[in-house]
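Per-entry structural report
For reference, the chains in residue letters:
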Amino acid sequence: MTIAKSRIQALREAVVTITQVLSEKNIRVTQRGLEAKTNYDPKTGEVVSVNLPFLPDNAGEDVVSALQGYLDHEVAHVLFSDMKIFKPIVERGGFEAFLQNALEDVRIEKLMARRFRGCQANLNSVMDFVYKNRLDEILAKTLTTSPDPVSLFRVLLVPMLRAYAGQRVAKEYMKDKWDLIEPITRHIGDDLLRRVATLETCQDVVDLHEDLIKKLKEIISPKSSDECKEGDQSDKGKFGEGKSNKKKSEENESNQEEKDEKQSEQGESEESDEDDSNEESESEEESEFEESEEKESEESESEESDEDDSNEESESEEESESEEESESEESDEDDFNEESESEEDESKDFGDEDEGTGEDENASEDKEVDVTLFDDLSENPPESDDKMVRDVLRGAAESLMADTEYRVYTKDFDTIDFYPHKTTERNCNEALTRLDAVAREQTGVLQKTLERLIVAQSQSRKLPGQRSGRVNPSSLYRLKVGDDRVFSRRILANTRKAAAELLVDCSGSMEGRKYEAAVIGAYALATVLERLNIPNEVLGFTTHMVPSELDAELRREMETGRPINYWARWEPINMPIFKSFNERMSTDVKRRFGHAMYPPPHSQFLRNNIDGESLRIAAQRLMRRPESGRYLIVLSDGEPNAWGNTDRFFMDLEDAVKEVTEMGIHLFAIGIMHVGVRRFYPNSTVIQNVSELPTEIIQFLKRSLV
C-alpha cells in the first residue's frame, strides 16, 4: 500500500456517493471479499444492493475500469429497467430469461451512455476485460471440442447482439468471427437482428424477444439430424427452417430410396407362383425383422411333425400378407414411404420384441418432432454476461490478492468520527480537573521551547549581486569588467508553517494508567499547539466489534476451504476524533477529552489496535494540510493486536512507517510505559510518566528541525 491515493482508493471512498447520485435511489453498495454480485428484491426483481470485490491498492487500471463498468451497468438497471414488464419471461426462466436479459443489457447501456457520457468508457472497459479474460478461453475450447454452429452460436450470441447494437468493443471482437455462426444468422435474418439497435423501451425488448424466440423455434437444429452424430462432420452446418412437425433429414430420404427398391422387388416377385411369393415374403420379413424371424424359423423347424397343419396356417398368413402388399402398391408413394419408415424404426428399435400393439405405440412415439435451435439452446443456455463479469472480477481479485501479503476483507464498517461515548458528569468533571492541572504544569516549558524551534521570527538580510536596488560599495569593482551586478536588496525570511497530527492508541492493552497518560499528553500538547497557532488534530485508533452481518459472511467464507489466516484483517477499524483541525480547544472539545479519559464500561471502546492502516489514515489526513512542515506524533504501547493475521499486522506497520517517512512527514513515536515502539519506529522514545513528555517532545523537535 502507499499513502498517495491510487484510483482504486479514490473509487473505494466515493463509490457509495457516486452510485446514489447516478441511480437517484438509496442503493446499498458494499466492497467485501472477492465476489462481485448484485442482490435483487425477490418480489419486485429490483436491485437492492451491489457488492464489489475489495481490490487491493495495487489493482491495475483495467481491473478498476472493469469494476466501475460493472457498477455503472447495475446502476443502469436501476434507472431504466421495469421488472414488472419482464416478470412473465423471468418466471419462465431458462433460455428465454437469458435472452431477455441479454437484450435488456444492450438497451440500458445505450441509455446509460446517453445520459452520463463518462459511463461509456467504463462500460466498454468491462466488456473488453470479459472478452479477453473469459470469452476467448471459452471460444477456443469450443472450437477444439465441438465446433458445430449451435455450440459456437451459444458462445457468441451475446457479443453478436451487442455488435448488432453498434457497440464498438463487440463489433471489433466479432470482426473475424461472423463466419463461425453464419449458417444460423442467415436463417434468423438480418432484418430481425438489426432491430437490436432500435431498442428504446422495455416493451421493445419484449416484442423483439418474442420474435426471436419464434424464429428460433422454426429453425431445425443441425444436431437433430443423425448425420451430425454418425455422418460426415463437415456437413454439420447444413440445416434450414421448417415446421416442427416436418422431417427433412437426408438419412430419411436415403431410407425411402432403399424402400422404393424393396417395393419394386416385391412387385416382381408377385408375378411368380404362390410358393415363390411365399418364399419372397419370408425373405423380406427376415431382412426387416431379423431376430424375430429367426425365432419363428426355429419354431417352424421344431414343428415339422405337424407340417400339414403348419403349411395351412402359413398359406393363410401369406395370402393375407399378399393382399396387404397389393393394397400397398395401389397407394401413392408417400404413404408407402411413411409405412416403410415406420417399419424400419420398428425393426431398428424393437427387433428383439414380439410384434403387437405395443410395437405400434412405441413406433408412434418414436416419430418425435425434430429438435429446434430453441430446444438446443434451452437445454444448455449460454453463459450470461453478468456471470462472466462476476467470474473475471473474482479471478482478477484472487490474482491480485495472491500478490498481496496484507489482505483486507472489507472496510465497509470502518469509521472515522467524533468520539461518541458519554461518561457520567462526575467522571467528566474529574477528568477535566486532572487534564487542566497537568496542562498548566507541563505547557510552560514546552510552549517556550516550541516558540523558539517552530515559530520562525521575521528576519531580514542583504542579498548582494543584484542589478537593481541600493548600490553596494563592496561590489563596485565589478564595473571594471563590465559586470553591472553592483546592487543589493533586502529580503525577509518566510515564516515557517507547520501542522501536527497526534495519534493516540486506544486499545485494550492501554487500559488504566497508560491510556490516561496518553490522553493527558495529547491534551497538553494540543493546548500548547493551539496557543502557538499551529493547526493540530487529535485522533484515536481502536476497533469495533465484528457486526453479526459480517460475522455470518466470514463463516461462509471459511466454508469455501480458504484458510482462516488468508485475510490479514477483517475487524473494523474505529478512529475517534477527539479534536479536529478545524476546531479550537473550546469547552465542548475539552469535555470530549474528559469523557474519553474514562470511557463507560458498556461501550467496549478500548478493544484492539491495527496500527499500520491507522497510521496511514492519520498521514493522509495530515497530507491534506497546506503547511510545509508536517509532524505526526504517535502515543502507543507498541505492538499491533487484532483478530486476523498477527504476522501481517507487524509487517504492515513496518511498511507504513517507511511510507509515511518517505512522504516527508516528521514521524515520532512515544512508547507509553512499553518499549514496543522501538521495534517499529526508528525515531521513538519511551516514557514511564506523563511528566517526561515535554522533555521528549522537545528533543524530537530539535532533531527534526536541525
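The notes below deal with the structure included here. Model, not experiment: these values are computed from the prediction.

1. Here we look at the sheet that holds strand β12 (residues 666-672)
Spatial ordering of the open sheet is given by β4-β10-β9-β8-β11-β12-β13, a layout of seven strands whose pairing is mixed. If you trace the sheet from one side to the other, it starts and ends with β4 (415-418) and β13 (684-687), each paired once. The sheet shows a mean angle of 20 degrees between the axes of neighbouring strands, direction not considered. As judged from the six bridges shared by strand β8 (residues 498-505) and strand β9 (residues 536-543), these two strands associate in the parallel manner. Residue pairing for β9: Asp-505 is matched across the bridge by Phe-541. On the sheet, helix α24 (residues 611-623) packs against β4, β8, β9, β10 (573-579), β11 (629-636) and β12 and is oriented at approximately 150 degrees with respect to β11.

2. Concerning unusual backbone geometry
Of note, Gln-604 is a non-glycine position whose phi angle comes to about 50 degrees, a positive value. Inspection of the secondary structure puts Gln-604 in the loop between α23 (587-597) and α24. With a phi angle near 60 degrees, Met-673 is a residue other than glycine that sits in the positive phi range. With respect to the element layout, Met-673 can be found in the loop between β12 and α26 (677-680).

3. A few points about the nonpolar core
Counting residues in each nonpolar core, the largest one holds 83 residues, and the members touching the most others are Phe-95, Leu-103, Met-160 and Ile-188. At eleven residues, helix α6 (residues 149-164) tops the list of elements feeding residues into this core. Not counting residues within four places of it along the chain, the set of residues in contact with Ile-188 comprises Phe-153, Leu-193, Leu-212, Lys-215, Leu-216 and Ile-219. Core analysis: the second largest hydrophobic core is formed by 51 residues, Ala-522, Phe-578, Phe-593 and Tyr-598 among them.

4. So, helix α25 (residues 646-662)
An ideal rise of 1.5 Å per residue puts 24 Å on 17 residues; α25 measures up with 25 Å between its terminal C-alpha atoms. Among the residues of α25, Phe-649, Phe-650, Asp-652, Leu-653, Ala-656, Val-657, Glu-659 and Val-660 are the ones counted as buried. Looking at the buried side of α25, the elements it contacts are α24, β11, β12 and α26. Two or three places before Asp-647, at the opening of α25, Asn-645 has a side-chain oxygen 3.3 Å from that residue's backbone nitrogen. Looking one or two residues past α25, Gly-664 carries a phi angle of roughly 90 degrees, positive in sign.

5. Considerations on the pattern of salt bridges
Opposite charge on two side chains makes pairing possible when the charged atoms of those side chains draw close. In total, this model carries 38 salt bridges according to the counting rule given. Note that Arg-32 and Glu-553 form a salt bridge whose closest N and O atoms lie 2.5 Å from each other. In this pair, Arg-32 is assigned in the loop between β1 (28-31) and β2 (37-40) and Glu-553 in helix α22 (residues 548-559), connecting sequence segments 521 residues apart. Under the relative-accessibility criterion, Glu-553 is labelled buried at 15%. For the salt bridge of Lys-132 with Asp-128, the shortest nitrogen-to-oxygen distance reads 3.1 Å. Of this pair, Lys-132 and Asp-128 both sit in helix α5 (residues 119-145), four residues apart, which is roughly one turn of the helix.

6. A look at the pairing of β2
Of the pairings in the sheet, the one linking β2 to strand β3 (residues 47-52) comprises four bridges and is antiparallel in character. Paired with Asn-39 across the bridge in β3 is Ser-49. Between β2 and the antiparallel strand that follows it, β3, lie six residues; Gly-45 among them carries a positive phi value of about 80 degrees.

7. Looking at the environment of Val-29
Along the polypeptide, Val-29 turns up in strand β1. Classification of Val-29 as buried rests on a relative accessible area of 8%. Placed 383 residues apart in sequence, Val-29 and Asp-412 show a C-alpha to C-alpha distance of 9.2 Å.

8. Concerning the packing of α24 against α25
It is the contact of α24 with α25, at a shortest axis distance of 7 Å, that shows an interaxial angle of 20 degrees. Classed by the angle they form, the pair α24 and α25 counts as roughly parallel. Relative to α25, α24 is oriented so that their crossing is left-handed. Residues Asp-611, Gly-612, Glu-613, Leu-615, Arg-616 and Ala-619 of α24 lie in contact with α25, whose contacting residues are Asp-652, Leu-653, Asp-655, Ala-656, Val-657, Glu-659 and Val-660. Considered class by class, the residues forming the contact of α24 with α25 number six nonpolar, one polar and six charged.

9. Things to note about the environment of Gly-671
Here Gly-671 lies in strand β12. Overall, Gly-671 belongs to the buried group, its relative accessible area being 0%. Each C-alpha atom of the pair Gly-671 and Thr-685 lies 6.0 Å from the other, and the pair is 14 residues apart in sequence. With sequence-adjacent residues up to four places away left out, Gly-671 is seen in contact with Ser-636, Val-677, Thr-685, Val-686 and Ile-687.

10. Remarks on the side chain of Ser-49
Relative to the helices and strands, Ser-49 is located in strand β3. Of the polar contacts made by the side chain of Ser-49, one reaches the side chain of Asn-39; its length is 2.9 Å. What Ser-49 contacts, discounting residues up to four positions off in sequence, is Ile-27, Arg-28, Lys-37, Thr-38 and Asn-39.

11. Quick word on the sheet that holds β2
Pairing in this open sheet of three strands is mixed, and the strands run β1-β3-β2 from one edge to the other. Both edges of this open sheet fall to β1 and β2, since each of them pairs with a single strand only. For this sheet, the mean angle separating the axes of adjacent strands, direction not counted, is 15 degrees.

Calculation criteria
- Residues numbered from 1 in each chain as written.
- Predicted model: local features only at pLDDT ≥ 70, side-chain atom pairs only at ≥ 80, totals over all residues.
- Heavy atoms only, no water.
- Pairing = 2+ DSSP bridges.
- Helix = DSSP H or I, 4+ residues; strand = E, 2+ residues; numbered from the N terminus.
- Axes fitted to C-alpha atoms, helices over the stretch in contact; angles between N-to-C directions.
- Contact = heavy atoms within 4.5 Å.
- Core = buried A, V, L, I, M, F, W, Y, C linked by side-chain atoms within 4.5 Å.
- Buried < 20%, exposed > 50% of the residue type's maximum accessible area, 1.4 Å probe, protein only.
- Expected span 1.5 Å × (residues − 1).
- Polar contact = N/O pair within 3.5 Å; in protein donor to acceptor, adjacent residues only side chain to side chain.
- Salt bridge = Lys/Arg side-chain N within 4 Å of Asp/Glu carboxyl O.
- Parallel < 35°, antiparallel > 145°, perpendicular 65-115°, else oblique.
- Left-handed = near helix turned anticlockwise from the far one by under 90°.
- Nonpolar A, V, L, I, M, F, W, Y, C, P; charged D, E, K, R; others polar.

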